[in-house]
Amino acid sequence: MRSIKEFFKVNKSFFEIAWKECKSYYFIYIIMILYGFASNMLLVLLPKISLNCFYVEKKFKLGVAYICGYIMIVLIWAFVERQMTLKQDINVTCIRLKMRDIIYKKVNQNSMLAYEDSDEFDALQRALNYTDTGADELINVVSRVVTCILTLIGVSFVVGQVSILMVIIVFLALIVSHLCMRKVNDLWFKYQNNERLPKVRLINYLSGLWNDKDYVSTIKLNDAFNYSTKVLKSKTIDLTKEGVSKNRQRFKWNYISIIANNLQLLSVHLYFGYLLFKGALDIATYSSLFVAVQQFASNFDTLLNLFIEIRNNANEASFYMGYIKDQKYIQNGKKDIKEFEEIHLVNVGFKYPNQEKNALYNISFSIQAGEKIAIVGENGAGKSTLLKLILGLYYPSKGRIVFNENIDITDIDLSSWYSHVAVVMQNSTNIPLTIEENISLCDEKDTDSIKLEESILFSGLTEKINSLSKREKTVFSTRFDKNGVDFSGGEKQKVSIARAYYRKANVLIFDEPSSALDPNAEYDFFKKVYDLGKEKTIIFISHRLSTVVKADKIIVLDKGKIVGLGNHKELINKCDIYTEMFNKQAENYIGE
């Protein structure tokens, strides 16, 4: 009973979504329930009716008519069921997509710290698994339960008129079988969703890497084929062996279930065979009773197994609801940033989960609207982490980040902050859609063609796009479209730059925006950025210090701490780390 209550409790959101999205979903299942019950009862009664016609009443044509009528009902239902199934496929897809939208919304609201937590990945995978399997089976399970209950009532009445004892024997045997199968299921469910899931996720990831062009090229160039396949094979075999071991533990309970089922079958054969032998039953009634007991056993066994499915579904649904309701990484500020005026970092510190040392220590500085800010430092100094804190992708572990008139970043609706921002990250993701969609990130009908053209011109992609037969309508991938195009690293970065320009934002943020550009393209890019951003706020990370000399303020990081703060002229004289970095790079260019 507790399982059933839990089932309806955790699946409440599914029932609500299904009712809101497509009411025909329920109507179709009601028809299937009624037909299922009627079909089962016809199977019980047809042998007695037809044998009476053929054997007792000698009405051959009437017997044939009954059988033909039954076949016609089955044929008509097969056609109707097919149409309803097709409609139900659409309904299920709509419901599943809506449930996934809720998950994706939660992912979008999460801090990027969620991606540093393996437990969070597992929770997300379980929630997604439910939308793929559990949600599809939910109403199906409920409808089958109702069908089984109605059938059991009908066949119990038929069998009970001859022998209540047989009903009790079959009932008890099936209860024993159910308890054994429940034990089997509990052992497997616990293993599958705890120990096995992370290992399956890793194997799927390693296997999926063979679809990644960069991964395959790395394997080829490092002659690492044998090693890469060995790792995948080893982990797959280990998981299979572990599964075999778990299945051995389950078999003893499964075997007891098989014994119980065969004992009840033997009892039925012997008892009704004895009554037939003694003349207490005629052949027609015997046939009907035998089918009725089979229907009883089949539906009762199905019903008990469905209760196992209900428990499993309740557990799976609890994974979904647990993930949706978990607030651990949620960023849910409500205040709007109507205009960007300034941002202050006050003694900001940050530590990644499961790391002993901080990534940042006591960071304090301010950015005023219209300033040009550069963040520099060696690899691992904390530059990208600092930028992600400013963007609100992470919240500080210590200290505060404050906008405008003392509005803490944790209180801000981040979408209002992002409406002012255009960002080019070092490894921006490009989507296998058209170049136009990659730049505008909206449907073709909603794309501003003038802004699109300006963005392409600014990014330096005009010549490349003009060389394509479909121009900006070309799909950004050859993997999914044979007429698509694969860009070089520098061209991909230019697409990201065009995307940032398209937003027409007042705050421009760049994380190594020229890392994949050649020196000439880099020079042109930064000249355009400074020209474009005369009245805009610009924050950027760059390893190449020649690009930061025009910045109003340069922040020098070393091992997570600010070791220099000022403009180029100030730092070149008083910050040893900055001076050393600048002189080394200058020597390299002179040497060239």
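One open sheet holds the six strands; their spatial order is S6-S7-S8-S3-S9-S10, and the pairing between them is mixed. Every other strand in the sheet has two partners, leaving strand S6 (421-424) and strand S10 (561-566) as the edge strands with one partner each. Direction aside, the axes of adjacent strands within the sheet are offset by 15° on average. Bridge analysis of strand S3 (residues 372-377) against strand S8 (residues 537-541) gives four bridges, and the strand direction is parallel.

Here strand S7 (residues 507-511) lies mainly inside the structure; five of its five residues are buried. In S7, alternate side chains face the same way, and those of Val-507, Ile-509 and Asp-511 on one face and Leu-508 and Phe-510 on the other are all buried. Where S6 meets S7, four bridges bridge the pair, whose relative direction is parallel. Opposite Val-421, over in S7, you have Val-507 as the bridge partner. Here S7 runs beside S8; their pairing, made up of five bridges, is parallel. Bridge pairing in S8 links Phe-510 to Phe-540.

All right, on to the packing of helix H13 (residues 449-459) against helix H15 (residues 489-502) then. Look at H13 against H15: their axes get within 8 Å of each other, and the N-to-C directions meet at 135°. Taken together, H13 and H15 sit at an angle that is classed as oblique. Judged by the sense of rotation from one axis to the other, the crossing of H13 with H15 is right-handed. Residues Lys-451, Leu-452, Glu-454, Ser-455, Ile-456, Phe-458 and Ser-459 of H13 form the contact with H15, whose own contacting residues are Lys-494, Ile-497, Ala-498, Tyr-501 and Tyr-502. Taken together, the residues of the contact of H13 with H15 break down into seven nonpolar, two polar and three charged.

A few words on the layout of surface pockets. Taken as a whole, the largest pocket spans an internal volume of roughly 1,300 Å³. As for the largest pocket, its lining consists of 41 residues, and the residues nearest its centre are Asn-108, Met-112, Leu-393, Tyr-418 and Val-423. Of all the secondary-structure elements, those providing two or more residues to the lining of the largest pocket are helix H4 (60-109), helix H10 (383-391), helix H11 (414-418), S6, helix H12 (435-440) and H15. Taken together, the residues of the lining of the largest pocket sort by class into 18 nonpolar, 15 polar and eight charged.

Glancing now at the packing of helix H2 (residues 12-21) against H4. Running from N to C, H2 and H4 cross one another at 125°; their axes reach a closest spacing of 10 Å. With respect to each other, H2 and H4 are oriented oblique. As H2 runs across H4, the sense of the crossing is right-handed. Along the contact surface, H2 presents Phe-14, Ile-17, Ala-18 and Glu-21, while H4 presents Ile-95, Lys-98, Met-99 and Ile-102.

The next point concerns the sheet that holds strand S5 (residues 407-408). Reading across the sheet, the four strands line up as S2-S1-S4-S5 and stay open at both edges, with antiparallel pairing between neighbours. Edge positions in the sheet fall to strand S2 (360-368) and S5, since each of these pairs with one other strand and no more. Bridging between strand S1 (residues 342-350) and S2 involves six bridges; their strand directions are antiparallel. Looking at the pairing, Val-348 lines up with Ile-363 of S2. Of the strands in this sheet, S1, S2 and strand S4 (398-403) are in contact with H10, which crosses S2 at around 55°.

What counts, and where the lines are drawn
- Residues numbered from 1 in each chain as written.
- Predicted model: local features only at pLDDT ≥ 70, side-chain atom pairs only at ≥ 80, totals over all residues.
- Heavy atoms only, no water.
- Pairing = 2+ DSSP bridges.
- Helix = DSSP H or I, 4+ residues; strand = E, 2+ residues; numbered from the N terminus.
- Axes fitted to C-alpha atoms, helices over the stretch in contact; angles between N-to-C directions.
- Buried < 20%, exposed > 50% of the residue type's maximum accessible area, 1.4 Å probe, protein only.
- Parallel < 35°, antiparallel > 145°, perpendicular 65-115°, else oblique.
- Left-handed = near helix turned anticlockwise from the far one by under 90°.
- Contact = heavy atoms within 4.5 Å.
- Nonpolar A, V, L, I, M, F, W, Y, C, P; charged D, E, K, R; others polar.
- 1 Å grid on protein atoms, 1.4 Å probe; cavity = no way out; pocket = protein on both sides within 12 Å on 5 of 7 lines; lining within 4 Å.
- Points joined across faces, edges and corners; volume = space filled by probe spheres on them.

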